[in-house]
Amino acid sequence: MISTGRVEIKGICKSFRIRKDKKISTWPALDNINLNINPGEKVMIVGASGCGKSTLLRLISGLDQPTAGSITVDRDLVKGPGADRGVVFQQSTLFPWMTVWDNIIFSRRLCISLNARDEQVSRAVYRSNALVTLMGLDQSVELYPNQLSGGMQQRANIARALVSSPKVLLMDEPFGALDAQTRETMHKVVNHLFKVEKTTVIFVTHDVEEAIVLGDRIIVLSANPGRVDTTFTTESVNRDEAGMVKRNDVSFFEFKEQILSRIRATTTMRATDDLLQKVAKD
Ligand SMILES: Nc1ncnc2c1ncn2[C@@H]1O[C@H](COP(=O)(O)OP(=O)(O)OP(=O)(O)O)[C@@H](O)[C@H]1O
């Protein structure tokens, strides 16, 4: 049983200071977010553009601080970035001057002291090798980031985020820049990875199908300010023998529609005929 990677989000609020009409005012991006995420759970955050998905992920990563409320990982208060949380963004953050192998082992090296025993170093190399194989990068370890496709870059980013065995993996639209076919391949790779690694995952996406395929629980945020609107679990969606969600099943389409209708109900963007006429060219 997995016992680490419990994330508790209590009463999180985040306001930004913005300048409007020469005055400084505060803009509430998130209001009173409460979430308990179990060890090993895969939680997907969806919602209309601008509802605060990335802001929430940045707060969990410790890259930004909440205005109110607290976030703990296994009861440790998040005060800043830490090795217990790995992060993967939409854009690759690989160092361009390092090979895939050096990029992957880099963060693990930082965690090993300079006078580390051989045994610790060989454990680091063993784990890095295992992740390289899991991510299908065996043939690419000597390549530099500019020699990789978008999908390969994201696989290397995921391996790098996992190499130090974080308790929680935070993913912000990691496949958002990939074409539909590569994204589907990545879903298979990542589903396999999630089964092997059992890390807690908090994943932000625009793609509701991706959320259903990868998540145990889907949280819809409403906008202005971002609040938890609805929570769905993917238990009722039919799966094949390998445990993959059946994308062509009626239950899949019905579930997707339920989630989309919540997102539509909470979006503040409106493409009404009236508005479209206003922006139409003469
Ligand atoms: N540094 C900042 N300063 C001021 N406002 C910000 C800042 N970062 C985010 N915001 C505002 O907070 C709100 C939430 O932004 P955020 O990027 O979290 O939304 P999102 O749901 O991830 O959007 P998208 O789906 O379009 O990527 C938006 O209104 C945005 O303008």
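The structure presented is a predicted model; accordingly, all values stated were derived computationally and were not measured.

Further remarks concern the domain arrangement of the chain. Annotation of the chain at the domain level lists domain 1 (7-84 + 168-279) and domain 2 (96-165). Across the boundary between the two partners, domain 1 contributes 14 residues, which contact 11 residues of domain 2. Here the element with the most residues in the side of domain 1 that touches domain 2 is helix H5 (residues 180-197); it accounts for 7 residues. Split into classes, the residues belonging to the side of domain 1 that touches domain 2 amount to 10 nonpolar, 3 polar and 1 charged.

Here the focus is the site of the ligand. Taken together, 13 residues lie near the ligand, and Phe16, Ala29, Ser49, Ser54 and Thr55 sit nearest. Counting only elements with at least two residues in the shell around the ligand, the list comes to strand E1 (7-20), strand E2 (23-37) and helix H1 (53-61). Per-element accounting of the shell around the ligand gives the leading share, 3 residues, to H1. The class makeup of the residues in the shell around the ligand is 5 nonpolar, 7 polar and 1 charged.

Our focus in this paragraph is helix H4 (residues 150-162). Taking 1.5 Å per residue as the helical rise, H4 with its 13 residues ought to reach 18 Å, and the 19 Å between its terminal C-alpha atoms agrees with that figure. The buried fraction of H4 is high, at 11 of 13 residues. Within H4, the full set of buried residues consists of Met152, Gln153, Gln154, Arg155, Ala156, Asn157, Ile158, Ala159, Arg160, Ala161 and Leu162.

Taken together, the 6 bridges between strand E9 (residues 217-222) and strand E10 (residues 227-233) define a ladder with antiparallel strand orientation. Bridge pairing in E10 links Val220 to Thr230. Here E9 folds back onto E10 in antiparallel fashion, the turn holding 4 residues, of which Asn224 has a positive phi close to 55 degrees.

Reading guide: rules and limits
Residues numbered from 1 in each chain as written. Predicted model: local features only at pLDDT ≥ 70, side-chain atom pairs only at ≥ 80, totals over all residues. Domains from an automatic or database assignment. Contact = placed C-beta atoms within 7 Å. Helix = DSSP H or I, 4+ residues; strand = E, 2+ residues; numbered from the N terminus. Nonpolar A, V, L, I, M, F, W, Y, C, P; charged D, E, K, R; others polar. Near = placed C-beta within 6 Å. Expected span 1.5 Å × (residues − 1). Buried ≥ 20, exposed ≤ 12 C-beta atoms within 10 Å, placed from the backbone. Pairing = 2+ DSSP bridges.

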